[in-house]
Amino acid sequence: VLVQDRPDIRARPAPVRPRRAWRRVLPPLALVLLLAVLASLLVGSGQVGPGRALRVLLGGSDEEARFAVLQLRWPRTIVATVVGAALGAAGAVLQAAARNPLAEPGLLGVSAGASTAVVVVIALGGSVATLGPHVAVLGALLGCLAALGAARLQGVGDDPVRLVLAGAALTGLLGSLTSVLLLLDRRTADEVRFWTVGAVAGRDLSVLSGVMPALLLGALLVVLVARPLAALALGEQVAAGLGARPGLARLGAVASVALLVGGATAAAGPIGFVGLVVPFCARALVGPDLRRVLLPSVLLGPVMVLVADVVSRLAVRPYEMPLGVITALIGAPVLVLVVRARRVPTL
Amino acid sequence: VTALRAPAGTVLLRAGDRTVLLPARSAGGTALLAALLVAAAAASLSFGAASLGPLPSLAAALGLGDASDVLVVQTLRLPRLAAGLAVGAALGLSGCLLQTLARNRLATPGTVGIDDGATAFAVASVVGVSTSLAPSGMALVGAATAAALAFGLAGGAGTAGYRFVVVGLGVGAVMGALTNLMLVRAPIDAASAAFPWAVGSLNTRPPLPVALLAAALAACLPLSVLVARRLAVLRLPDAVATGLGVRAGRVRLAALALAVVTAGLAVAVGGPLGLVALVAPEAARKVCGPRGVPVVASALAGALLVVVADLAGRTVAAPIEVPVGLVTSVVGGPYLVWLLLSSRPRRTP
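Residues numbered from 1 in each chain as written. Chains lettered and ligands numbered in written order. Predicted model: local features only at pLDDT ≥ 70, side-chain atom pairs only at ≥ 80, totals over all residues. Heavy atoms only, no water.

(A) A look at the overall build of chain A. In terms of helices and strands, chain A carries 13 helices and zero strands. When the helices and strands of chain A are placed in sequence order, the string is α-α-α-α-α-α-α-α-α-α-α-α-α. Sequence separation of 24 or more characterises 77% of the internal contacts of chain A that already satisfy a separation of 6 or more. For chain A, the computed accessible surface area is about 16,000 Å², with 66% contributed by carbon and sulfur atoms. (Helix = DSSP H or I, 4+ residues; strand = E, 2+ residues; numbered from the N terminus. Contact = heavy atoms within 4.5 Å. Areas by Shrake-Rupley, 256 points an atom, 1.4 Å probe, with all protein chains shown as cover.)

See below:
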């Protein structure tokens, strides 16, 4: 039966948009990012208020303010920007690869894999000082493979929500393994506190230079797999018909997510929910196509991390709060929002 | 009355002209779990930094024998054992009720955020005011809040697949974040007083919350047995259950209330013990067979699990004491992952 013969099936004409129209969202997003960076430089939990900080940026010579802005706030702003961009892109890619809007590196246990790997290596005698990001990347890769293995085992068309449960189970398991290791080994516990709670406070730029190669390689892979992954959204067979190789594309996606999340975790520890919230907002702005979602995600990721970081400085002055707490407070309602939709959409 | 005969596979209990029909396997399984629990309790009294034999430890528990043994058993091990028994039984019972009412083996107080809610509110009470009754009361309020949020936001439980559980995960994440927030803000001594709730431990077991939990358990267990008869019908679709004369909504609410009370008070004593509420009902179901909802057996299995895990945590890596919550998480974690990945068609509990 032809579709034309079925009056009950009506084709809804796709809205005709200029090809490049989606790019119009990029300048406003860039502006928002700029404002977030500025806020991160100007606002702090200590004595140096926005006014003094602004004068430093304009070339003032207030020594205390100069130190606070250039030595304390500038490095953490840069680290937050890079980490946010990596997590945002990783979330978008992982969600496209798993075809599941709930696939988030933190929720699926990728970040937990990275930090557990680091704790294990330190417990075996390594030292934080000599540890490169490759350990975290390897751990993230294992966590990623476990999560996507779960996605495959559960089968396509099944409840997307189950993947999140598998990830939560994996995260819980890895978390308690880490706790046991820390309990048995005081020295590790001291060195490792840094790795188990996500934060960008007190990171200097040398941390970043260590993880930059991993992040750049991950970004390159993302660029390579974006097109095949977007084709994969149409289904395995259609993608193959369009000339994409589904297996290879997924493998590339997993590798890029592992590199990005591993690098980000090595720089700032596990920060949850960024990879969930950012692609969610980006899809709301530009639609589901991965090729369009990527750039807004890269811009929105830093915005979320920077805003969370600024809030973490202001919420409990004069103390600071773990960054992961704020991102969880932002992210969990979004999770509930996605799941509450009548039918959880598959990507 | 004399003509009544028990059908195959059941036992008929008679008292005057009242009769109760018990499935034989479930009765036998419950008895087996009870026997194992008694053995584990005896072992828990006997072993530790100073090992006593089972008979001396039993005598010491009654106040007989060597004075130092009496001191060790009566002041150190007996209260700990009592707390472990009560917490484990409460969590096992709560898990069994929640799993059945949500028609989902993954719905446990831990996964739907009840534990996190209770922890958050209990920590709030310790950080704020420090009377000894407050943690239990606040934990109860927190458990009820989290359950109401998860139940309300998911639009009910038991009819929408995994939605209840994942909404609960979100609620739990928010509650966990609030707990962290309070621990950061609190002065250091208040924060360390609240620490046992972070990992789940029987190390500090204030007597009042334990007594409250025991009293609640004494009330909730018989009520649960009553609810379980109707809950068993809820394993069928709602329409069928209604046709059989069970008011699905009411039964669910009653079971949810019982689960919230037991889980909340248990968290006030020992903190969130990972995965006890998941594994214990599963073990009970294995032992008791598919007939009926094994609430009593789940409580026994939970108590057994916690007592054994606590014993292992105290003795395996001595002199370091591994908190019992970590032991249960490490043991139960792989089981949970396997449960999620097993490609068998889903069985509802």
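(B) A look at the nonpolar core. Counting 189 residues, the largest nonpolar core has L229(A) and L231(B) as the members making the most contacts within it. No other element matches the 15 residues that helix α3 (residues 67–102) of chain B contributes to this core. Aside from chain neighbours lying at most four places away, what touches L231(B) is L97(B), T100(B), L101(B), V251(B), A255(B) and V293(B). Among the nonpolar cores identified, the runner-up in size contains nine residues, and V43(A), A53(A), V56(A) and V69(A) belong to it. (Core = buried A, V, L, I, M, F, W, Y, C linked by side-chain atoms within 4.5 Å. Buried < 20%, exposed > 50% of the residue type's maximum accessible area, 1.4 Å probe, protein only.)

(C) Broad picture of the side chain of R313(A). All names here are of chain A. Within the secondary structure layout, R313 lies in helix α12 (residues 290–315). Look at R313 and you get buried, because its relative accessible area is 1%. In terms of polar contacts, R313 uses its side chain to reach the backbone carbonyl oxygen of S40, at 2.8 Å. The residues contacting R313, other than those within four sequence positions of it, are S40, V43, G44, S45, R73, R76, Y319 and E320. (Polar contact = N/O pair within 3.5 Å; in protein donor to acceptor, adjacent residues only side chain to side chain.)

(D) Highlighting a nonpolar patch on the surface. All names here are of chain A. Judged by side-chain polarity, L31, L34, L35, L38, L54, L57 and L58 come together as a nonpolar surface patch covering roughly 700 Å² of accessible area. Elements supplying a minimum of two residues to the nonpolar patch: α1 (26–42) and α2 (50–57). Among the elements that take part in the nonpolar patch, α1 stands out by supplying four residues, more than any other. Note that L58 resides in the loop between α2 and α3 (63–98). (Patch = residues over 30% accessible without salt bridge, like charges linked within 9 Å, V, L, I, M, F, W, Y side chains within 5 Å. Salt bridge = Lys/Arg side-chain N within 4 Å of Asp/Glu carboxyl O.)

(E) Fine view of the pairing of strand β1 (residues 10–15) of chain B. Residues and elements named next belong to chain B. Direction of pairing for β1 relative to strand β2 (residues 18–23): antiparallel, over a ladder of six bridges. By the bridge assignment for β2, L12 is matched with L21. Hairpin connection between β1 and β2: a loop of two residues separates the two successive antiparallel strands, and G16 in this loop has a positive phi of roughly 65°. (Pairing = 2+ DSSP bridges.)

(F) Seen up close, α1(A). Residues and elements named next belong to chain A. Across its 17 residues, α1 extends 24 Å between first and last C-alpha, which sits within 8% of the 24 Å expected from 1.5 Å per residue. For α1, the set of buried residues is L26, L29, L33, A36, S40, L41 and L42. Elements that come into contact with the buried residues of α1 comprise α2, α3, α11 (274–286) and α12. (Expected span 1.5 Å × (residues − 1).)

(G) Focus on the confidence of the model for chain B. All names here are of chain B. Looking at chain B, the pLDDT average stands at 82 and 90% of residues meet or exceed 70. When pLDDT is averaged over each helix and strand of chain B, the minimum, 68, is found for helix α8 (residues 196–199) and the maximum, 92, for helix α13 (residues 295–315). Across residues 343–347, confidence stays below pLDDT 50; counting only partners more than four residues off in sequence or on other chains, it has seven contacts. Two summary scores accompany this predicted model of the complex, namely pTM at 0.79 and ipTM at 0.71. (pLDDT = per-residue confidence, 0-100.)

(H) Expanded view of unusual backbone geometry. One non-glycine residue, F273(A), lies in positive phi territory at about 70°. Following the sequence through the fold, F273(A) ends up in the loop between α10 (246–268) and α11.

(I) Here's a closer look at the packing of α3(A) against α10(A). Residues and elements named next belong to chain A. Closest axis-to-axis distance for the α3/α10 pair is 9 Å, and the angle between their directions is 150°. Relative to α10, α3 is oriented roughly antiparallel. As for how α3 packs across α10, the hand of that crossing is left-handed. Every residue of α10 that contacts α3 at V83, A86, L87, A89, A90, V93, L94 and A97 is listed here: R250, A253, S256, V257, L260, V261, A264, A267 and A268. (Axes fitted to C-alpha atoms, helices over the stretch in contact; angles between N-to-C directions. Parallel < 35°, antiparallel > 145°, perpendicular 65-115°, else oblique. Left-handed = near helix turned anticlockwise from the far one by under 90°.)

(J) The arrangement of the packing of α3(B) against α13(B) in detail. Residue and element names in this part refer to chain B. As a packed pair, α3 and α13 sit with axes 6 Å apart at the nearest point and diverge in direction by 135°. The angle between the axes of α3 and α13 places the two elements in the oblique class. Crossing of α3 over α13 shows right-handed handedness. Contacts between α3 and α13 involve R77, R80, L81, G84, L85, G88, A89, G92, L93, C96 and L97 from the former and V295, S298, A299, G302, A303, V306, V307, D310 and R314 from the latter.

(K) Highlighting the interface of chain A and chain B. With 37 residues of chain A in contact, the opposing surface of chain B contributes 35 residues. Here chain A meets chain B over a buried area of about 3,000 Å², counting both sides, of which 80% is carbon and sulfur. Linking chain A with chain B are zero salt bridges, by the criterion used here. Inspection of the region where chain A meets chain B yields zero residue pairs in polar contact (both at pLDDT 80 or more). Elements that contribute at least two residues to the side of chain A that touches chain B include exactly α5 (134–154), α6 (161–184) and α13 (323–340) of chain A. Broken down by element, the side of chain A that touches chain B gets its largest block of residues, 15 residues, from α6(A). (Buried area = accessible area lost by both parts, 1.4 Å probe.)

(L) Representation of the side chain of T265(A). Tracing the backbone through its elements, the reader meets T265(A) in helix α10. A polar contact of 2.6 Å, which involves the side chain of T265(A), links it to the backbone oxygen of V261(A).

(M) Summary view of the pattern of salt bridges. Summed over all chains, the structure comprises 10 salt bridges over all chains. We note a salt bridge from R313(A) to D309(A), for which the minimum N-O separation is 3.0 Å. Separated by four residues within a single helix, R313(A) and D309(A) lie in helix α12, roughly one turn from each other. For E282(B), the salt bridge identified is with R105(B), shortest N-O distance 3.0 Å.

(N) Main features of the environment of G324(A). Relative to the helices and strands, G324(A) resides in helix α13. As a C-alpha pair, G324(A) and G269(A) span 55 residues in sequence and 9.1 Å in three-dimensional space.

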